[in-house]
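# Structural overview for review
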Amino acid sequence: MRFLLLLFAGAVLCAKDAQKVVVEVAIESLCPDCRDVITGSIWEAFRADGLLDIMDLRLYPYGNAKQQLDQSTGLWKFTCQHGEKECQGNLMQTCAINIVQNMTVLFPWFWCMERSTSPIDFAPRCASQFGIPWAPIQSCVSSPQGNAWEHQMGAWTDNLSPAHTEVPWFVVNGAHDETTNQRCAENLIGVVCGLYQGPKPAGCGR
Ligand SMILES: *[C@@H]1O[C@H](CO)[C@@H](O)[C@H](O)[C@H]1NC(C)=O
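Criteria and thresholds
- Residues numbered from 1 in each chain as written.
- Predicted model: local features only at pLDDT ≥ 70, side-chain atom pairs only at ≥ 80, totals over all residues.
- Heavy atoms only, no water.
- Axes fitted to C-alpha atoms, helices over the stretch in contact; angles between N-to-C directions.
- Helix = DSSP H or I, 4+ residues; strand = E, 2+ residues; numbered from the N terminus.
- Parallel < 35°, antiparallel > 145°, perpendicular 65-115°, else oblique.
- Contact = heavy atoms within 4.5 Å.
- Nonpolar A, V, L, I, M, F, W, Y, C, P; charged D, E, K, R; others polar.
- Disulfide = S-S within 2.5 Å.
- Buried < 20%, exposed > 50% of the residue type's maximum accessible area, 1.4 Å probe, protein only.

### Topic: the packing of helix α4 (residues 84-100) against helix α6 (residues 119-129)
Two numbers describe how α4 lies on α6: the axes approach to 9 Å, and their chain directions differ by 30°. Classified by the angle between their axes, α4 and α6 sit roughly parallel to one another. On α6, the residues that touch K85, Q88, G89 and M92 of α4 are I120, D121 and A123. Of the residues assigned to the contact of α4 with α6, the class counts are three nonpolar, two polar and two charged.

Below, the structure written as C-alpha cells:
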C-alpha cells in the first residue's frame, strides 16, 4: 500500500514537473496558410487525446500588419495585409483571446471562423455555436481597450527574434527556425510530443 502510494505520488510529481510545450503562433485572420494550420495541424493537436495537458497554445492575430499611433485620437491605426476586413478579424480574435482567457474554450471558435467562407461574417455564429459570449467581443472591437490589446499583439509580433518573414510563424518554447515552422504546419502533434519531457498522453500515439 505504501509502495503504491509512493508510486502514485511519484507519477503525479513527474507529470507536474514536466513543462508544457509552449506553442506561440503569429497569425492573420485572412491569410490562407494561417487558415490551413488553424483548421489542420493545430486543430488536430487540439483534438488529440491529452495534447492540451502538455501544450500551451498562444495565438497572436496581427502577422504582417503595420501600426501607427494617431496622435489626434491616441489610438493605433492598423493596416493589414489582406485589407480592412482582416484588421476587423484580427481585432475580434484579439478581443476574444483577452476576454475569454482560455484557449481550450476559445480555439473551436477560431477553427469555426477560419474554416468558413468568410471568417469575419461567421464570427458571431461561430461564437454562439461554441458558447462564447459575443456581446463583450463585439463591444471590445470598437473600444479603446480592443485597440490597446491589438497594439500589444503588434508589439509582440514586431519584437520577434528572428523577425518574422511569413505567417503563420511558429515559436516553440521561445525559439523559431524554418524546419520547425514547417513541421508545426504539417504535424504539430509530432513536434509537441517530441519535445515534451514527461509521460506522453495517448494522443501522441506510439
Ligand atoms: C479552461 O477551460 C477548461 C474547460 O472548461 C477548463 O478545464 C480549464 O481549467 C480552464 N483553464 C484555465 C486556465 O482556467
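### Describing the state of the cysteines
Within the structure shown, the criterion is met by five disulfides. Across the disulfide, C95 is cross-linked to C140 (sulfur-sulfur distance 1.9 Å). When the S-S torsion is -75°, as for the bridge of C95 with C140, the disulfide is left-handed. In this pair, C95 sits in helix α4 while C140 sits in helix α7 (residues 134-141), placing the two residues 45 residues apart along the sequence. Sulfur-sulfur distance for the disulfide between C112 and C126 comes to 2.0 Å. Where C112 bonds to C126 through sulfur, the torsion about that S-S bond is close to -75°, and the disulfide is left-handed. One end of the pair, C112, is in helix α5 (residues 103-115); the other, C126, is in helix α6, and 14 residues separate them in sequence. You'll find C112 and C126 in the same group, each marked buried. Take C184: it sits in no disulfide, and the sulfur closest to it among the cysteines is that of C193, at 12 Å. Assessed through its relative accessible area of 0%, C184 is described here as buried.

These figures capture arrangement, not role.
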